[in-house]
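Remarks on the overall topology
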Amino acid sequence: MDEIAQNVGNETDPKLENLLNLALDATQEELRKSGDLKTGYDPEDNVWELIIKYQGSLDELKEQIPRIRVIPLLRGYAVLYVEQQYVERVAEFENVLYVEKPKRLYFALDRAVREACINSFQSLGDRRNQDLRGRGILVAVLDGGIDYTHPDFRNPDGTTRILALWDQTITAGPAPYTYGIGTEYSRETINAALASEEPAERERICPSRDISGHGTHVTGIAAGNGRASGGRYTGVAPQSDLIIVKLGNATADSFPRTTQLMMALDYVLRKSLEYNMPIAVNISFGNSYGSHSGDSLLETFINDVAGVGRTVIVTGAGNEGSADGHTSGRFEPQIQARPGQTSKKIEFAVSEYEQSFSIQIWKSYVDDIAVSIKGPSGEGAGPLKQIQGPQRFRIGNTRLLVYYGEPSPYSPYQEIYLDFLPVANYVDSGIWSIELYPGRIVQGEYHLWMPGKEVRNPATGFLYPTEGTTLTIPATAAKSIAVAAYDAIYDQLADFSGRGYTRATNQIKPDLAAPGVDITAPAPGGGYTKKTGTSMAAPFVTGSAALLMQWGILYGNDSFLYGEKVRAYLLRGARQIPALNEYPNPILGWGVLCLRDSLPR
């Protein structure tokens, strides 16, 4: 083992999250090579994008930090753009309570409507002379954009059903509200584009596009009207008005960030207040970084703004269930380290051509657990010292960056963060191991996560993974309705679907499951395609929430049918399938979506 540097005793700022403290201590080369650390950093301008929780006014911050840009969000959150030399000064302001850096987000990628009891729900409404197809309710989709020309998102007269479209990736402007990024397109602008017969003119008026097709597909499940298929592929709430946000930025980074998601959620909730309409929000993005206990600023933001207006927020559970990206275990309680006490060896494979990856170890702060690491060649480092500041080691042709975190005002847990960076181009491939040595153990549970499967090579993963607690964040937010996927055709489980419960808090997540295998929905260009994933399951619940709010609020059956009450109705109606015997459970939550049975009897 070649220990190349060890920053012993460096003071860390308790107002800054662990990953941000490490990123600020990292060299420019380490930032460039690390997928996690560089997220939110612009090396050209030396500027960080940050999330803060604050109280009172930010005027003093604006006055005293040169060239800072502040984007206030609802309920005491804000996004900042600040030069690196001033980040620690931001934390010194009394009104700033906590600071995080953004994280990368990735996608949680005909018969299903019937299996979810949606058709029978609408038939029940028809018998009561209530057209339960979403009219008067907003459906907001925060995703990869939309093909606004697709017939399924247009009225019978050819005009758009989209009230507002914010494309965060187009810099022309004007940007909405005070966000300062992207371009907002109104319904009038979109209709002007649709009225043009020339594709070039249409693109000049409204150039927003859905390159991946993901956002178009998700929106079609939630609210497509099926016009391009003669009604065959109709979504859940086909008469709802739409608000669309295309997440992302104009840089080469292909993954949107949590800051952009927070601004998008803030935007659609402000729109719902502006239009004075109930809103169901769909989020099919997620990531694996965090304690999975619901305590990141993204999750607390979702919890706080879920009470704004008449709102339901739905998240996909992610596709990490069978991705080999999580493992866990437990030590038996003991007062102190005992000679010969068995350690825990955790092995993981690193494939060839892996440019970088990280592992987070999360445990109770009251437990003393030492860590050592061994590479494929037998070289190793550790047991590592539990000190403030980063520690750096070299194992073979891999540089290891280690950071022992501390609890925060929002989280009582401890993180040990390991970043594997190449000396040249790639991390050493082969079988690695992490050894955990117990000292004083009170609680004993530990969890390890790698980044999501979308950002690592398929052969990189734990050799003995555990499928539990593989929900992606923000599905772990308490006030979101977390949706798993199942195969509605065969009434079977979907092995890819993220599993609960939440770590440490043991909250029942996912809340329920919806169809997520081979779902046919709109594709860019006017046709349809099949996709699989919890991204496809979540919009079934989003559309269902819109129909419940229409039944309750617009038809006067229950003026308070939004927020947690919608969740309660959906859980009450959830159907138990034979694949599992015990409900609720960490795979399907309270059961699978059955909208018809969610109405009070």
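Everything here concerns the structure above.
Throughout, residues of each chain are indexed from 1 in the direction in which the sequence is written. For this predicted model, a pLDDT threshold of at least 70 governs which residues receive local features, and a threshold of 80 or more governs which side-chain atom pairs are given and counted, while totals over whole chains, interfaces and linings are taken from all residues. Excluding hydrogens and water, the side-chain values take into account all heavy atoms of the structure.

Thoughts on the pattern of salt bridges
One speaks of a salt bridge when a side-chain nitrogen belonging to Lys or Arg is within 4 Å of a carboxyl oxygen belonging to Asp or Glu. Tallied over the full model, the rule gives 23 salt bridges. A salt bridge links Glu30 to Arg392; its shortest N-O distance comes to 2.6 Å. Each member of the pair Glu30 and Arg392 is classed as buried. We note a salt bridge from Arg270 to Asp266, for which the minimum N-O separation is 2.5 Å. Of this pair, Arg270 and Asp266 both sit in helix H10 (residues 258-275), four residues apart, which is roughly one turn of that helix. Each of the salt bridges in this network shares a partner with another, and the network as a whole consists of Lys509, Asp511, Glu564 and Arg567. Exposure is judged per residue with a 1.4 Å probe applied to protein chains only, and the accessible area is read against the type maximum: over 50% gives exposed, under 20% gives buried, and values in between give partly exposed. Counting from the N terminus, the helices are the DSSP runs of H or I reaching at least four residues and the strands are the DSSP runs of E reaching at least two.

A short note on the packing of aromatic side chains
A pair of Phe, Tyr and Trp rings is counted when the ring centres sit within 6.5 Å of each other, with Trp represented by its six-membered ring. The angle between the planes then sorts it: under 30 degrees is stacked, over 60 is edge-to-face, the rest tilted. According to the stated counting rule, one finds 18 aromatic pairs in the structure shown. Each ring, one from Phe420 and one from Trp432, has its centre 5.3 Å from the other, and the planes form 85°; the classification is edge-to-face. With Phe420 in strand E22 (residues 413-422) and Trp432 in strand E23 (residues 430-438), this pair connects stretches of sequence that are 12 residues apart. Since its relative accessible area comes to 0%, Phe420 is described here as buried. In this structure an aromatic cluster arises from ring pairing among Phe348, Phe357, Phe420, Trp432 and Phe462. Directly above the aromatic system of Tyr413 lies the positively charged group of Arg503, at a separation of 4.3 Å from the ring centroid. By definition, being over a ring means that NZ of Lys or CZ of Arg is both within 6 Å of the ring centre and within 35 degrees of the ring normal.

Observations regarding the state of the cysteines
In plain terms, two cysteine sulfur atoms within 2.5 Å form what is called a disulfide here. For the structure shown, the criterion picks out one disulfide. Two residues share a disulfide in this structure: Cys117 and Cys594, whose sulfurs sit 2.1 Å from each other. Torsion about the S-S bond of the Cys117 and Cys594 cystine: about -100°, corresponding to left-handed handedness. Here the residue Cys117 occupies a position in the loop between helix H5 (112-115) and helix H6 (118-127), and Cys594 occupies one in the segment after helix H13 (564-573), the gap between them amounting to 477 residues. Classification of Cys117 by relative accessible area gives buried; the value is 6%.

Some remarks on helix H9 (residues 214-223)
Within H9, 10 of the 10 residues are buried, leaving the element largely enclosed by the surrounding structure. Where H9 is concerned, the buried positions are His214, Gly215, Thr216, His217, Val218, Thr219, Gly220, Ile221, Ala222 and Ala223.

With respect to the packing of H10 against helix H11 (residues 297-305)
At a closest axis distance of 10 Å, the pairing of H10 and H11 adopts a crossing angle of 5°. The angle between H10 and H11 falls in the class roughly parallel. Here Thr258, Leu261, Met262, Leu265, Asp266 and Leu269 of H10 lie close against H11, whose contacting residues are Leu297, Leu298, Phe301, Ile302 and Val305. Gly counts as polar in this scheme, as do all residues outside two lists: the nonpolar Ala, Val, Leu, Ile, Met, Phe, Trp, Tyr, Cys and Pro, and the charged Asp, Glu, Lys and Arg. Across the contact of H10 with H11, the residue classes break down as nine nonpolar, one polar and one charged. Helix axes are fitted only over the stretch in contact, all axes being lines through C-alpha atoms; the angle between N-to-C directions runs from 0 to 180 degrees. Every angle not falling under 35 degrees, over 145, or within 65 to 115 is termed oblique; those three ranges are roughly parallel, roughly antiparallel and roughly perpendicular. Residues are treated as being in contact if the distance between any of their heavy atoms lies within 4.5 Å.

Considering the sheet that holds strand E25 (residues 461-462)
For two strands to be treated as a pair, DSSP must find at least two bridges joining them. Within the open sheet, the five strands sit side by side as E19-E18-E23-E16-E25. Their pairing is antiparallel. Bordering the open sheet on either side are strand E19 (380-381) and E25, each of which pairs with just one other strand. Pairing analysis gives seven bridges linking strand E16 (residues 344-350) to E23, with the strands arranged antiparallel. Considered in E23, the bridge of Ile346 is made with Ile434.

A word on the layout of surface pockets
What the second largest pocket holds in volume is close to 380 Å³. Secondary structure elements with two or more residues in the lining of the second largest pocket: helix H1 (18-25), strand E6 (96-100) and E22. Here the lining of the second largest pocket gets three residues from one element, more than from any other, and that element is H1. A class-by-class count of the residues in the lining of the second largest pocket yields 12 nonpolar, 11 polar and eight charged. In the cavity and pocket records, a cavity denotes points on a 1 Å grid over the protein atoms alone where a 1.4 Å probe fits but cannot get out, a pocket denotes an open set with protein on both sides within 12 Å along at least 5 of 7 lines, and lining residues are residues with an atom within 4 Å of a point. Grid points are joined across faces, edges and corners, and a volume is the space filled by probe spheres set on the points.

Structural notes on H1
Where burial is concerned, most of H1 is hidden: seven out of the eight residues are buried. All buried positions along H1 are accounted for by Asn18, Leu19, Leu20, Asn21, Leu22, Ala23 and Leu24. The inward-facing, buried residues of H1 contact helix H2 (28-33), strand E3 (47-54), helix H4 (87-92), E6, strand E21 (398-404) and E22.

Regarding the environment of Gly444
Relative to the helices and strands, Gly444 resides in the loop between E23 and strand E24 (445-449). The exposure class of Gly444 is buried, given its relative accessible area of 0%. Residues Gly444 and Lys363 lie 81 residues apart in sequence; the distance between their C-alpha atoms is 7.7 Å. The residues contacting Gly444, other than those within four sequence positions of it, are Gly329, Arg330, Phe331 and Asp367.

Notes on the pairing of strand E26 (residues 481-487)
With respect to burial, E26 is a largely interior element, seven of its seven residues being buried. The alternating pattern of E26 places Ile481, Val483, Ala485 and Asp487 and Ala482, Ala484 and Tyr486 on opposite faces, both of which are buried. As judged from the four bridges shared by E26 and strand E28 (residues 512-515), these two strands associate in the parallel manner. From the neighbouring strand, Tyr486 faces E28, where its bridge partner is Pro515. Pairing analysis gives two bridges linking E26 to strand E27 (residues 492-493), with the strands arranged antiparallel.

With respect to the side chain of Thr315
Residue position: Thr315 is located in strand E14 (residues 311-316). Polar contact is defined as a pair of N or O atoms within 3.5 Å, subject to the rule that within protein one atom must be able to donate a hydrogen and the other to accept it, and that residues adjacent in sequence are counted only when both atoms are side-chain atoms. Of note is the side chain of Thr315, whose polar atom sits 3.2 Å from the side chain of Ser480. Those residues in contact with Thr315 that lie beyond four places of it in its chain are Ile283, Pro474, Ala475, Ser480, Ile481, Ala482, Val483 and Ala538.

Things to note about unusual backbone geometry
Backbone geometry follows two general trends: most residues other than glycine have a negative phi, and most peptide bonds adopt the trans configuration. Across the junction of Ile473 and Pro474, the peptide omega takes the value 25°, indicating a cis bond. Positioned with a positive phi, Asn129 is a non-glycine residue whose angle comes to about 60°. Looking at the element boundaries, Asn129 is found in the loop between H6 and strand E8 (138-143). Relative accessible area serves as the criterion here: at 71%, Asn129 is assigned to the exposed category.

Examining the pairing of E22
Across the 10 residues of E22, 10 count as buried, placing the element largely inside the fold. Sheet topology places strand E17 (residues 357-364) next to E22; eight bridges connect them, and they run antiparallel. By the bridge assignment, Ser358 is partnered in E22 with Asp419. Relative to E22, E21 runs antiparallel, the two sharing seven bridges. Its bridge partner being in E22, Thr398 is matched across the sheet by Pro422.

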